Structure formats: structure tokens, C-alpha cells
Amino acid sequence: SNTIELPDRFIVVQMAKVTPAGVRPFYEVKGQIMSVLRTEKRKDMMKKKIAADLKQDPTLAGLAQANNKKVYEAQDVHYDSDNVPEAGREPAVVGAAFNLPEGKISLPIEGESAIYIIKVEKRNLADASKIPPSDYKQITQKLSQGKSSAYSSVWINELKKEAEIVDNRAILKQ
């Protein structure tokens, strides 16, 4: 391609392959599909096994022992974060933790990377009266930005659904 000159660098583009628009052939995606199906099947089998193990011993310690696992205690799990200590990014687990009554063991929760069982020992709810007035502005800005970001994301996704997108990357090669 012709060299594209930017203020701080040069770009040279070469097209390796042209992929026609439309659905990819099955033989190209078979491996990906098989991987997803195997993972889903393993998760379903684990959920059934965990449910059966919980019927025999309805405690986290008993469940962990039956499956040669450890019980981990997660502290400082916040509603505005989807990370769980020792587990990583697990929004379904965080959501379940805030909906589970204290002291109750959850049903199996399908996470991003595993099946989880949780028990909320104690929940400390925020007390708005203890928030210093100096933090109000920062909290208001954060909430406003989050709302604006969510609105923008929905709006862009709706535009994409209604748009007819044409891939013009080939023009760069000229």
C-alpha cells in the first residue's frame, strides 16, 4: 500500500485475506463451536454434581471436601465492582451475593470461569448519613458518568442494529 504518514509515525498496510460478508462456513467455526459446547456440557455436569453433593452435606466445608476444593472467603466485595477476590471477574457471583440472604447457601452460580456456591456471612450496608459532604460531588459525578456511559452504549448498539455497515478497510490499500 501507499505509506500513510501521521505526525508521529508511518503506516504501511497489507491485506492478507478478503473475507466475504455473511455467515462463515461451518468448517471454519467448528472448533470454536465444539469448545463452547464442551465447556457448557462440563458446567452442566458440575452443576448437577454440586446439587447432589449439597443434598448429602449442605455445608460449604462438606461440599469443598467432597470435591477436593478449598473454601475461600471473599471480603470487601462491592456492588460497583464485578471482581471477586481469588476468582477474578465474576459479575454473576457479585450479583448473586447482593441478592442472597445472609446465612443462606446459594444454588450453583455459573460464572465466567467456573461454577460457584456462595454463602453471605455478613453484609455491611453503606450509611448515607456518614458520607462526608465533600464526597457528594464526586459521587454525583461518578453516578452521572455511569448513567451517561450506559445510555451511550445502548444508543450506539441500537444504531449498529439499524445501520448497514460497509467494511471499507480495502480503501487503505489503494
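Up top is the structure these notes are about.
Now for a look at the structure at hand.

Conventions we followed
Residues numbered from 1 in each chain as written. Predicted model: local features only at pLDDT ≥ 70, side-chain atom pairs only at ≥ 80, totals over all residues. Heavy atoms only, no water. Helix = DSSP H or I, 4+ residues; strand = E, 2+ residues; numbered from the N terminus. Rg over C-alpha atoms; globule rule 2.2 N^0.38 Å. Buried < 20%, exposed > 50% of the residue type's maximum accessible area, 1.4 Å probe, protein only. Contact = heavy atoms within 4.5 Å. Areas by Shrake-Rupley, 256 points an atom, 1.4 Å probe, with all protein chains shown as cover. Lys, Arg positive; Asp, Glu negative; His and termini not counted. Charge placed at Lys NZ, Arg CZ, Asp CG, Glu CD. Arc of directions from axis to C-beta. Salt bridge = Lys/Arg side-chain N within 4 Å of Asp/Glu carboxyl O.

1. Some thoughts on the overall build of the protein
Alright, step 1. Summing up its helical and strand segments, the protein has 4 helices and 6 strands in all.
Alright, step 2. The secondary structure elements of the protein, listed N-terminal to C-terminal, are β-β-α-α-β-β-α-β-β-α.
Alright, step 3. Relative to a compact globule of 174 residues, whose C-alpha radius of gyration would be 16 Å, the protein shows 24 Å and is clearly more extended.
Alright, step 4. Split into buried and exposed, the 174 residues of the protein put 14% on the buried side.
Alright, step 5. For the protein, long-range pairs separated by at least 24 residues make up 30% of all intrachain contacts whose partners lie at least 6 apart in sequence.
Alright, step 6. With the model as given, the accessible surface of the protein reaches about 14,900 Å², and the carbon-plus-sulfur share is 55%.
Alright, step 7. Placing the 27 positive and 23 negative side-chain charges of the protein at their respective mean positions leaves the two points 5 Å apart.

2. Overview of unusual backbone geometry
Alright, step 1. Non-glycine residue asparagine 68 carries a positive phi angle of around 50°.
Alright, step 2. As for its position among the elements, asparagine 68 is in the loop between helix 2 (60–66) and strand 3 (83–84).
Alright, step 3. For asparagine 68, a relative accessible area of 75% corresponds to the exposed category.

3. Comments concerning helix 3 (residues 91–99)
Alright, step 1. Within the span of helix 3, buried status applies to Val93, Val94 and Ala97. Seen end-on, helix 3 carries its buried residues on one side only, within an arc spanning 100°.
Alright, step 2. Each element contacted by the buried residues of helix 3 is listed here: strand 3, strand 5 (109–110) and strand 6 (115–116).

4. What to know about the pattern of salt bridges
Alright, step 1. Within the structure shown, the criterion is met by 9 salt bridges.
Alright, step 2. Between arginine 89 and aspartate 82 there is a salt bridge; the shortest N-O distance is 3.3 Å.
Alright, step 3. Residue classification places aspartate 82 among the partly exposed positions, given a relative accessible area of 27%.
Alright, step 4. Residues glutamate 121 and lysine 119 are paired through a salt bridge, measuring 3.8 Å at the closest nitrogen-oxygen approach.
Alright, step 5. For lysine 119, a relative accessible area of 34% gives the class partly exposed.

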